[in-house]
Amino acid sequence: MIAFSPTEEQTLIAETVKRFARERMRSVFREAEESSELPWEVVNKGWQLGLLSAAIPEDYGGLGDAQPTVTGALAAEELGWGDLALALAIMVPGLVALPILYAGTEEQKRTYLPRFSDEGYPKVTAALIEPRFRFDPAALETTAVRQGNEYVLSGRKAYVPLAAGAELFLIYAAEKGQTQAFLVERGAPGLTVGERERLMGVKALDTYELALDGVRVPASARLGGDAGIDINRLLNHSRVALAALAVGLARGAYEYALEYAKNRVAFGEPIAQRQSIAFMLAEMAIEIEGVRLSTWEAAWRLDQGEEATRECVLARQNANAMALMVADRAVQILGGHGYIREYPVELWLRNARGFATFDGLAMI
Amino acid sequence: MIAFSPTEEQTLIAETVKRFARERMRSVFREAEESSELPWEVVNKGWQLGLLSAAIPEDYGGLGDAQPTVTGALAAEELGWGDLALALAIMVPGLVALPILYAGTEEQKRTYLPRFSDEGYPKVTAALIEPRFRFDPAALETTAVRQGNEYVLSGRKAYVPLAAGAELFLIYAAEKGQTQAFLVERGAPGLTVGERERLMGVKALDTYELALDGVRVPASARLGGDAGIDINRLLNHSRVALAALAVGLARGAYEYALEYAKNRVAFGEPIAQRQSIAFMLAEMAIEIEGVRLSTWEAAWRLDQGEEATRECVLARQNANAMALMVADRAVQILGGHGYIREYPVELWLRNARGFATFDGLAMI
Amino acid sequence: MPIEFKTPGAIQQVVSMAQMVAEQVMRPKAAYYDEHEHEIPWEYINMMWPIVSQSPLLGADDSRNGHGEAERKRSPITNVRLIHIVEMLSWGDAGQYLCTPGGNLGAAAIAAVGTPEQKRRFLSRFQGEKPAWGAMAMTEPQAGSDTSAIKTTAVRDGDFWVLNGEKIFCTGGRLALEESNGLVVVWATVDPKAGRAGMKPFVVEAGTPGVTVTKLEPKLGIRASDTASILLQDARIPFDHILGSPEVISDTGGEKGFKGAMKTFDATRPIVAASALGIARATIEYVKHLLNQEGITIRYGAPLHQLSAVELEVMDMEAQHRAAWLLTQKAAWMMDMGLNNNLEASMCKVKAGDAVTRITQKAVEILGPLGYSRAHPVEKWMRDAKINDIFEGTGQINRLIVARRILGYTSRELK
Amino acid sequence: MPIEFKTPGAIQQVVSMAQMVAEQVMRPKAAYYDEHEHEIPWEYINMMWPIVSQSPLLGADDSRNGHGEAERKRSPITNVRLIHIVEMLSWGDAGQYLCTPGGNLGAAAIAAVGTPEQKRRFLSRFQGEKPAWGAMAMTEPQAGSDTSAIKTTAVRDGDFWVLNGEKIFCTGGRLALEESNGLVVVWATVDPKAGRAGMKPFVVEAGTPGVTVTKLEPKLGIRASDTASILLQDARIPFDHILGSPEVISDTGGEKGFKGAMKTFDATRPIVAASALGIARATIEYVKHLLNQEGITIRYGAPLHQLSAVELEVMDMEAQHRAAWLLTQKAAWMMDMGLNNNLEASMCKVKAGDAVTRITQKAVEILGPLGYSRAHPVEKWMRDAKINDIFEGTGQINRLIVARRILGYTSRELK
């Protein structure tokens, strides 16, 4: 059947996250951004919602959601509505857990997955992006070379979230031209966490460059063992996560601009009563909904076990453009207020522009 | 100096063409389109305005305009305003004369150019476009092979205007991978004018496919003699001509939609008093003017003897998109009336879409 | 019912049938009917009639005989199924699709507002031996989007109404009045001073004296379909041909007749959107097919710096098409669920109108010399497409409706 | 004078000077001032002051001492020259450029509406030893685009005016009032019931008791520039600090004071457009430079099917930039020619605002991980750029002005 109604359970989860976003994330996000510091209390609370655990099968200590990606998309939209930096922080453990779930060996799953159902926020992170114009997840410059029973990793990574405190890194590298992933413990010789990066947005989330200078890991650290990973499959889970976050961010900007336009009086009536503003809002609403449904479909296909690369890529591409358009128009509708940092819309504009870059920075 | 005012002479020419467009072209263009027949009386009158002759130096029988390309752009805008099919028809002789002027040998100029100042419309045409997706003026599939004192031309051409009645063809072909041009007389063995083409727009102008099956021409038929031609330079004259025509077409559509919007009453007032319509018109006006000035600049640079490929390419690219946007919005503003053939705007939409395809179909 | 995107088997079956018709009957003649404006595509019509008249395939027909409500309850996929069929037939040829026999908009209005007796009386012809058409006549020369400006009058004369006025842009008006024993639902005012409250729908049957098709509009596209002007000169129709109450009910709460008409838009806008998206899909498939022949396949997921301009464009086409199609499915699904889809119906119409316009216009450019030539179908699809951003509410009118709904504004607050 | 696109030598010279300043003073500190919001770029200011105070380089200053008219007649390139300099300095850093000392908008208003005596008295400070700034205070919390909603009052008290109210979004207000012996032209109403007819500009000098800078807005971009809130509490200024007539001239024909203000927009909108386009050019150059390093050059004239997505995007950036820059030059040239450029001033502002927004946003995307990082300047340019679509009339307000002009509508006919 074609149907557009979440299950009762999904609705409940979405409502819970929505409340968390409204009450907890929205009360701290602006200060977190200005101070460039993660409000860990809120991140921990967000973690304790158990969204990741819900997606992990019961065999590995989780709750085994029947539609983990669809449910993830619903939750990610709400987190994205709350704040992108905090949402990404809350989702960082998934960057390690989900690749293990989707591509790990049975042993890797048994070893690592149960800890992601713990109350304590897992100190893990993943490194995919490389600091160059020609970055391509399918053709990395970071290399992994097999030497006997070990792999030697060399290269440079960027946009690695929470790397300063991470105890376990999932590091993507090209092995014979194919992208593979390796589990690397903190303190591995040759692994250096660089300076904290300075980005245009999501400033509350600390990200780092990573230098890999001949880092040696045992062969067993290779995700998926001999089979390795299908990077594209993992990227699809990232694409759909980014799309869902973008929908949430855009919805936040749209709702804010809509309320502003209804309350801001100029020339004797609310500016929302002018067609130029009203039509902008209408188009924002239409595009948000179109991308939301595209994201749901992509998520649903992943849950069905389909590859769905096309759907995931298109949902994400459309989401990038949509979120930017919506946030930019929100700034425009607020006029001068849109440009100052006491209103949230300029932040949403900066964050929205990030979606095009954030490969692998979120996953559901 | 930076200045945006045509000379008195240019203004006079533009005004003359404007009057011709309004009085002669606009009174026949719709019928010509519906009947797919050129109103030759009007085309001949248009030819007798002497626009091409004005661009040809006095030495070769012309009037020797000091800014031939700028003046050409001003005139082409007015012709484009009148009707694109008729404008292209009036400009066809230029497709042969101007390449000879810009790239011909002294002998070729002396032989051919004077006839373009005659009162009678010259029966000539040019063949550049090829009927394939990968058409590239700089990498033609039609070939010219030198054999002794002759060239042998083989291949297929499309969008050749007025080929059925032409007595002289300028045919572009790749010689050792470089685009060259060859003057071919009607009746040359192996030269076949195919069926008349059926296009989406400019239906009054008859165009044809051309088959070249080992057509032999003397070496002296090669434009520019041993030096040959710089196809890019000629294309720049085409790009700026197409851009100017697009500006004219768009201005016509814009003016029509503006008048309609001021006169069409809905919900108690002219629809132009709604911001949604008014803003559309404002953006149309802005884009038209921006492309017009870009076109003038490109034309001015050509007159200065600069290569100006960048300016010509950008003006044309921008003009394509602008003309389509303007014509599409004109249809939208007219609503149901925009869709029916008793109003001109649907024709302008079809014609506007042609600019992306009409390489070498106009030249100034 | 969870979120799901699997087309039900029952729909897949009828879509397969529609695909056969589209491929074998419509496509081969699409260019012909485009070139021969207003010739009637009888092959298609005769192929479709047995299907349409036997089963509630197409739209409001499933409400006939007064069983509409029951029918709807038994099969909560009526609207989703319908848009799938419309999409497929429009993929075949939007011009021929618009000639699909059946009650269409006329029957929809009768089904929405008519009494059980009226439904029986007027709708049975759409189950007869010969194809028949229903149509709707609303627009007038001075009244397009502003339907309240209608000047056609209906004056009571004993047991009759006398209609006078001129209607334009009546899709299928000729098929309904001249080519079959069909009917047209004509909107007229019983009280010119009452504005929308005075506007009522009247059933005008083929053969009614004083009713003439005066003109068929020559159009940019969908040329197989007739867009008729209809002149009503002292056209007398029985009193009980009025749909709904003859009373002029004033402003608040009232406008029932007019609201009825607006209500049908909630059902028909997704249908128009689906038709648009059939054209869009045809175009995308054609472009990709042609690119494939040139050895170009779209590398989904390649980074921006590796993509060609054409690849990026095709991906954008697909993304816009998909978003529009999902919006359309949702609007139809909501109807099937009995939910108010007024907002969603306009949303999908806006998006589909935009998407198909952009997709087809871009496709002509991408194909270069082939795109602009009538030897390839893309230029026709560009011409056919544009109507979808205009009829059943222009893109602007539908944006206005969306804006009013999301802002909670009345039509007075947001003009 | 024929159509010509050659920048005159006299302009090329000052642009070269501006380029030196931009490259050697502004660019090296651009990131610093972006990171250290509201620190004042004294190096730039001190470098510019001798130039600005000695020669009529920047804007309204050339009208000082009452010689404006004569000056304009002697050199019909004032405005064209000015936009070239502004473009170049904004290429350097838009934030620092906005700190350029001089009379700026405040002096422009005085030059446009003041008496010869007022010009002498108020403008001489902009030729002094120390840098001084002029500014304009119009916007209020409840009055943005709708300037007629201004609530700040000016009440006559003998030989004084007493001003009360709150102004926001005053660009350079702190520099004018706190960092120099500058002045702010404050718009206030002398008769709240008279609407625009009651609105008058008043010269408020630095040091006036009752005038306080209460806040500097934290902003998305242009962070070197202060956007000040100014509180006026019983601020007493001499009677002759009013610009233009103190009379409330009613509706028709009148509104002289307000029209004066609007008139200055005709001069300043091309300046804002030029500033936007300086950022746009910087961005395009940076992107092309980086692409060049990667071995990618733009193949102008290659057919669509051969272009990469990035090439097409860069070409579009350049085309939009060029069109906007030519519109801006034309608007400035018309001023120099003494022609009414009200339409053209808004046209170039709309186009430049759109172009720079789109260009910088796209550039961040094209550069991928580098684009979003503050280690590269593009993300800052995206942030700086956006103000140009907002201040001196949002894109929407300027579209409205263009629409009114092309349609011949009053502000009542097209709201």
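Residues numbered from 1 in each chain as written. Chains lettered and ligands numbered in written order. Predicted model: local features only at pLDDT ≥ 70, side-chain atom pairs only at ≥ 80, totals over all residues. Heavy atoms only, no water.

Summarise the overall build of chain C; cite the residues concerned and give the values.
Helix and strand counts for chain C come out as 12 helices and 8 strands. For 415 residues, the compact-globule estimate of 2.2 N^0.38 gives 22 Å, and the C-alpha radius of gyration of chain C, at 21 Å, lies within 12% of that figure. Projecting the C-alpha coordinates of chain C onto the three principal axes gives extents of approximately 75 × 45 × 40 Å. When contacts within chain C are restricted to residue pairs at least 6 apart in sequence, those whose partners lie at least 24 apart make up 74%. Of the roughly 14,500 Å² of accessible surface on chain C, a fraction of 53% belongs to carbon and sulfur atoms. Looking at charge distribution, chain C has the averaged site of its 46 positive side-chain charges lying 4 Å from that of its 47 negative ones. (Helix = DSSP H or I, 4+ residues; strand = E, 2+ residues; numbered from the N terminus. Rg over C-alpha atoms; globule rule 2.2 N^0.38 Å. Contact = heavy atoms within 4.5 Å. Areas by Shrake-Rupley, 256 points an atom, 1.4 Å probe, with all protein chains shown as cover. Lys, Arg positive; Asp, Glu negative; His and termini not counted. Charge placed at Lys NZ, Arg CZ, Asp CG, Glu CD.)

Lay out the interface of chain B and chain C with the relevant residues and their values.
Tallying the contact residues gives 41 residues for chain B and 51 residues for chain C. Overall, the association of chain B and chain C removes approximately 3,800 Å² of surface from exposure, summing both partners, and the carbon and sulfur fraction of that is 58%. Contact with chain C buries area across many residues of chain B, yet B:Phe133, B:Arg198 and B:Tyr339 alone supply 23% of it, more than any other trio. Across the chain B-chain C interface, the total number found is 6 salt bridges. Linking B:Arg341 and C:Glu37 is a salt bridge whose minimum nitrogen-to-oxygen distance equals 2.6 Å. Counting across the interface, chain B meets chain C through 25 residue pairs in polar contact (both at pLDDT 80 or more). Broken down by element, the residue count for the side of chain B that touches chain C peaks at 6 residues, all from helix 12 (residues 345–354) of chain B. (Buried area = accessible area lost by both parts, 1.4 Å probe. Salt bridge = Lys/Arg side-chain N within 4 Å of Asp/Glu carboxyl O. Polar contact = N/O pair within 3.5 Å; in protein donor to acceptor, adjacent residues only side chain to side chain.)

Explain the packing of helix 1 (residues 8–35) of chain B against helix 12 of chain B to me, and be specific about the residues and the numbers.
All names here are of chain B. Interaxial distance between helix 1 and helix 12 falls to 11 Å at its minimum, and their mutual angle equals 75°. When the interaxial angle is binned, helix 1 and helix 12 end up roughly perpendicular. Contacts between helix 1 and helix 12 involve Arg 26, Phe 29, Arg 30 and Glu 33 from the former and Glu 346, Leu 347, Trp 348 and Arg 350 from the latter. Residue classes in the contact of helix 1 with helix 12 are distributed as 3 nonpolar, no polar and 5 charged. (Axes fitted to C-alpha atoms, helices over the stretch in contact; angles between N-to-C directions. Parallel < 35°, antiparallel > 145°, perpendicular 65-115°, else oblique. Nonpolar A, V, L, I, M, F, W, Y, C, P; charged D, E, K, R; others polar.)

So, the domain arrangement of chain A: which residues are in play, and what are the values?
Residues and elements named next belong to chain A. Once the domains are mapped, chain A shows domain 1 (8–117), domain 2 (124–227) and domain 3 (231–357). Between the C-alpha centres of domain 2 and domain 3 the distance comes to 31 Å. In this complex, domain 2 contributes 10 residues to the contact, which on the side of domain 3 involves 7 residues. In total, about 720 Å² of surface goes out of reach between domain 2 and domain 3, with carbon and sulfur atoms giving 74% of it. Here domain 2 is connected to domain 3 by 0 salt bridges. (Domains from an automatic or database assignment.)

Mind laying out the pattern of salt bridges, listing which residues take part and the relevant values?
What the rule picks out here adds up to 120 salt bridges over all chains. A salt bridge links D:Glu318 to B:Arg310, with the nearest nitrogen and oxygen atoms 2.7 Å apart. In this pair, D:Glu318 is assigned in helix 9 (residues 309–336) and B:Arg310 in helix 10 (residues 309–334), connecting two distinct chains. Since its relative accessible area comes to 29%, B:Arg310 is described here as partly exposed. Put simply, D:Asp34 and D:Arg383 hold a salt bridge, and the shortest N to O gap is 2.6 Å. Placement of D:Asp34 in helix 1 (residues 9–35) and of D:Arg383 in helix 11 (residues 378–385) is noted, with a sequence separation of 349 residues between them. Of the residues examined, D:Asp34 reaches a relative accessible area of 4% and is grouped as buried. Each of A:Glu297, A:Arg301, A:Glu306, A:Arg310, A:Glu311, C:Lys288, C:Glu318 and C:Arg322 takes part in one network of salt bridges that share partners. (Buried < 20%, exposed > 50% of the residue type's maximum accessible area, 1.4 Å probe, protein only.)

Describe the packing of aromatic side chains, with residues and values.
Tallied over the entire structure, the rule returns 30 aromatic pairs over all chains. Plain terms: the ring middles of B:Trp47 and B:Tyr121 are 5.8 Å apart, the flat faces sit at 75° to each other, and that makes the pair edge-to-face. Of the two residues, B:Trp47 is situated in helix 2 (residues 40–48) and B:Tyr121 in the loop between helix 7 (106–112) and strand 2 (124–127); the sequence distance between them amounts to 74 residues. Among the aromatic residues, ring-to-ring pairing joins A:Phe4, A:Trp300, C:Phe5 and C:Trp333 into one connected group. Positioned above the aromatic ring of C:Phe265 is the side chain of C:Arg269, whose terminal nitrogen or guanidinium carbon lies 4.4 Å from the ring centre. (Phe/Tyr/Trp six-rings, centres within 6.5 Å; stacked < 30°, edge-to-face > 60°. Lys NZ or Arg CZ within 6 Å of the ring centre and 35° of its normal.)

Requested: an account of the side chain of C:Glu87, with residues and values cited.
Relative to the elements of secondary structure, C:Glu87 occurs in helix 4 (residues 78–97). Once you skip the residues sitting within four places of it in the chain, C:Glu87 turns out to touch C:Ala274, C:Leu277, C:Gly278, C:Arg281, C:His321 and C:Trp325.

Before we move on, could you go through the interface of chain A and chain C and cite the residues and values that matter?
Listed by partner, the interface residues are 45 residues for chain A and 44 residues for chain C. Note on chain A versus chain C: buried area summed over both sides is about 4,300 Å², and carbon and sulfur give 66% of it. There are 5 salt bridges connecting chain A and chain C. With a closest N to O distance of 2.8 Å, A:Glu287 and C:Lys351 form a salt bridge. Taken together, the links from chain A to chain C amount to 16 residue pairs in polar contact (both at pLDDT 80 or more). The leading source of residues in the side of chain A that touches chain C is helix 9 (residues 275–303) of chain A, at 17 residues.

Run through the environment of D:Ile359, naming residues and quoting values.
All names here are of chain D. By secondary structure assignment, the location of Ile 359 is in helix 10 (residues 342–366). Put simply, Ile 359 and Ala 132 are 227 residues apart on the chain and 34 Å apart in space, counted from C-alpha to C-alpha. If we ignore the near neighbours within four places in the chain, the residues touching Ile 359 are Ala 280, Thr 283, Ile 284, Met 317 and His 321.

Can you lay out the side chain of D:Gln118 for me, pointing to particular residues and giving the numbers?
Looking at the element boundaries, D:Gln118 is found in helix 6 (residues 116–123). Filtering out sequence-adjacent residues up to four positions away, D:Gln118 remains in contact with D:Ile110, D:Leu123, D:Asp240, D:His241, D:Ile242 and D:Leu243.

I'd love a proper account of the domain arrangement of chain C, names of residues and values included.
All names here are of chain C. Partitioning chain C into domains gives domain 1 (9–102 + 114–127), domain 2 (134–250) and domain 3 (263–407). The straight-line distance from the C-alpha centre of domain 1 to that of domain 3 is 21 Å. Contacts between the two partners involve 21 residues from domain 1 and, on the opposite side, 25 residues from domain 3. Both sides together, the interface formed by domain 1 and domain 3 hides about 1,900 Å², and carbon and sulfur atoms give 58% of it. Together, Ile 83, Glu 87 and Trp 91 form the three largest contributors to the area buried by domain 1 at its contact with domain 3, with a combined 31%. Our count for the domain 1 to domain 3 interface comes out at 4 salt bridges. Here Arg 374 ties to Glu 35 by a salt bridge, and the two come within 2.9 Å at their closest N and O atoms. The tally of links between domain 1 and domain 3 comes to 9 residue pairs in polar contact (both at pLDDT 80 or more). Elements with a contribution of two residues or more to the side of domain 1 that touches domain 3: helix 1 (9–35) and helix 4. When residues of the side of domain 1 that touches domain 3 are assigned to their parent elements, the largest contribution, 14 residues, is made by helix 4. When its residues are assigned to classes, the side of domain 1 that touches domain 3 shows 12 nonpolar, 4 polar and 5 charged.

Could you give an account of a nonpolar patch on the surface, naming the residues involved and the relevant values?
On the surface, a cluster of nonpolar side chains totalling about 330 Å² of accessible area is made up of A:Met1, C:Met1, C:Met337 and C:Leu339. With respect to the secondary-structure elements, C:Met337 resides in the loop between helix 9 (309–336) and helix 10 (342–366). Its relative accessible area of 32% is what places C:Met337 among the partly exposed residues. (Patch = residues over 30% accessible without salt bridge, like charges linked within 9 Å, V, L, I, M, F, W, Y side chains within 5 Å.)

Hey, could you go over helix 1 (residues 8–35) of chain A for me, with residue numbers and the actual values?
Residues and elements named next belong to chain A. For helix 1, with 28 residues, the first-to-last C-alpha span of 39 Å sits near the 40 Å given by 1.5 Å per residue. When helix 1 is considered as a whole, its buried residues turn out to be Gln 10, Ala 14, Val 17, Phe 20, Ala 21, Met 25, Phe 29, Arg 30, Ala 32 and Glu 33. Tucked inside the fold, the buried residues of helix 1 contact helix 2 (40–48), helix 3 (51–55), helix 4 (68–82), helix 5 (84–91) and helix 12 (345–354). Immediately downstream of helix 1, the backbone of Ser 36 shows phi near 55°, a positive value. (Expected span 1.5 Å × (residues − 1).)

Explain the pairing of strand 4 (residues 150–161) of chain B residue by residue, including any values.
Residues and elements named next belong to chain B. Direction of pairing for strand 3 (residues 143–147) relative to strand 4: antiparallel, over a ladder of 5 bridges. In the sheet register, Gln 147 faces strand 4, and the bridge partner there is Glu 150. Remark: 2 residues form the turn of the hairpin made by strand 3 and strand 4, two consecutive strands paired antiparallel; Gly 148 in that turn has positive phi of roughly 60°. Of the pairings in the sheet, the one linking strand 4 to strand 8 (residues 207–218) comprises 10 bridges and is antiparallel in character. Bridged to Lys 157 within strand 8 is Leu 210. (Pairing = 2+ DSSP bridges.)

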